[in-house]
Amino acid sequence: MSSSFLSTRSTFPAGSETLSNQDGLKFDSSRWERKRTENLPATRWFISREIDVLFVCGLAPWLAGIVFFLVTGAGGAYPPTKLPQQGLTLFFVVASLIIGESHQFTSIVRYYSSEFRNRSKKYRLHRVPIWFLYLLTVELLVLSTFNNLADWFSWSFLVQAIILNALMFAFPAVLMQHVCAQASAVVQQYCRRAHYNISKSEKYLLDAVTWLLVATGACSIAVPFGLDDSGGFSAPFVGTVHISSYTLPLAVLSALASLMVAVYVVNRGLEKNNWPPLGAVLLAVNCVALILLAVPLPGMAYVWLFVPLFFHATQHWALAWSTCQRESKRDSAVPMTMVSRIVDICKFIAPMMVLTVVVLFIPQFLKRSPMSFGNIGVIFSSGESLSVFFSMAVFYAHYFADRMVWRPKN
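Procedures and definitions
Residues numbered from 1 in each chain as written. Predicted model: local features only at pLDDT ≥ 70, side-chain atom pairs only at ≥ 80, totals over all residues. Heavy atoms only, no water. 1 Å grid on protein atoms, 1.4 Å probe; cavity = no way out; pocket = protein on both sides within 12 Å on 5 of 7 lines; lining within 4 Å. Points joined across faces, edges and corners; volume = space filled by probe spheres on them. Helix = DSSP H or I, 4+ residues; strand = E, 2+ residues; numbered from the N terminus. Buried < 20%, exposed > 50% of the residue type's maximum accessible area, 1.4 Å probe, protein only. Contact = heavy atoms within 4.5 Å. Axes fitted to C-alpha atoms, helices over the stretch in contact; angles between N-to-C directions. Left-handed = near helix turned anticlockwise from the far one by under 90°. Nonpolar A, V, L, I, M, F, W, Y, C, P; charged D, E, K, R; others polar. Expected span 1.5 Å × (residues − 1). Salt bridge = Lys/Arg side-chain N within 4 Å of Asp/Glu carboxyl O.

Right, let's talk about empty space enclosed by the protein for a bit. This model, assessed by the stated rule, comprises one cavity of 30 Å³ or more. Approximately 30 Å³ is the volume attributed to the largest cavity. If you trace the largest cavity, you find it lined by Met176, Val179, Cys180, Cys287, Leu290, Ile291, Trp304, Val307 and Phe311. For the lining of the largest cavity, the elements supplying multiple residues, two or more each, are α8 (150-193), α11 (278-292) and α13 (307-327).

Following this line, the structure appears as structure tokens:
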């Protein structure tokens, strides 16, 4: 998710330190700004304070992880009961399908929508990875239909193999960067909504912390594929890299950088009486805790089981829905009731969930179809759902589209 949501425009002109009322009394402009924004419609939160705290700021993964830990026997403290464990497993599978998998299609669908297609900026360089996926798809279809044409495409096999190996090699790190970058963008969005201005230097500091957290998480949580028994992995054209030796130094650097940012924010608040919004603070602290606590605490695996669902995916849904509301001019209209808001959200996510089910279970549809699809049918119907390769292709399509489609129009 791009961090371009941030707006560095000030709410007041430079130099307007105080305001006066009719009685000649003066008061601080920053306090007036806080009171003024509190009287505005509920736009500081994407959906509502309660839902945002749970599913955008990241409280839900902690609660779900604790429940999962207790239901599965609290790490061996007592034998788990069968029925609650089955119910939790079913809940996790359904949530993964309708929340986790479906969030990827919001970016892909928007990539082909008029809201993005009609923009003056074409993002040509950003589109190159999407075009590469097109090339792979066309080549797969041609080779599956006309086997005798393989010699015509043989020149491209080596280049494609190198690129695909690199994508698989980098997938865990890219996944971690995707999670952290989106969290950083949402933090800045909360600040923008609350008129908490972030300077360029502060933005660079925030980016530095984000990249340190990405590196730490990539080494400790999203360990790259092909990890061997010696603690390293080998890949074409890449020497053996030992991951474990980097984890602790990166975690220490990330902790120190995060502490530096916290001290700076507190000092700014004390000196200028200018504090960041609650949503930004909760999300930032939660993101740092999720990654750094996973280094010394193996039990964090229970929490991380739900991070992709109830932190990243739900965060993305909130961003996507809020963006569509703003573009349709409904964000500044009369405040919606909770019921109407939930109905509106369901109307927004339902088509994406249907599309997700259709795409993921293409193999099942092909197996039960009376028509013969030749080699294409064999490729797509080899399992119960899409293979890991095709699921990874969907992720990368979502990842690259995500970096373009949610940017502001101007």
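Here the narrative resumes, following the displayed structure.
Our focus in this paragraph is the environment of Leu136. Summarising the element assignment, Leu136 is placed in helix α7 (residues 124-145). Take Leu136: its relative accessible area is 17%, and that puts it in the buried class. Residues Leu136 and Gln160, 24 residues apart in the sequence, show an inter-C-alpha distance of 8.2 Å. Contact partners of Leu136, with chain neighbours within four places excluded, come to Gln160 and Leu164.

We now examine the packing of helix α9 (residues 200-220) against α11. For the pair α9 and α11, interaxial distance at closest approach is 9 Å and the crossing angle is 35 degrees. For the pair α9 and α11, the sense of crossing is left-handed. The residues of α11 that touch α9, namely those facing Leu213, Thr216, Gly217 and Ser220, are Val288, Ile291 and Leu292. A per-class count over the contact of α9 with α11 returns four nonpolar, three polar and no charged.

Here we take up α9. The end-to-end C-alpha separation of α9 is 30 Å, in line with the 30 Å expected for 21 residues at 1.5 Å each. Burial in α9 covers these residues: Glu202, Lys203, Val209, Thr210, Leu213, Val214, Thr216, Gly217, Ala218 and Cys219.

Glancing now at the pattern of salt bridges. In this structure the tally under the stated criterion is three salt bridges. A salt bridge links Arg49 to Glu50; the nearest nitrogen and oxygen atoms lie 3.8 Å apart. Its salt-bridge partner being Lys203, residue Asp207 comes within 2.8 Å of it at the nearest N-O pair. With a gap of four residues between them, Asp207 and Lys203 both fall in helix α9, about one helical turn apart. Here Asp207 falls in the partly exposed class, since its relative accessible area comes to 23%.

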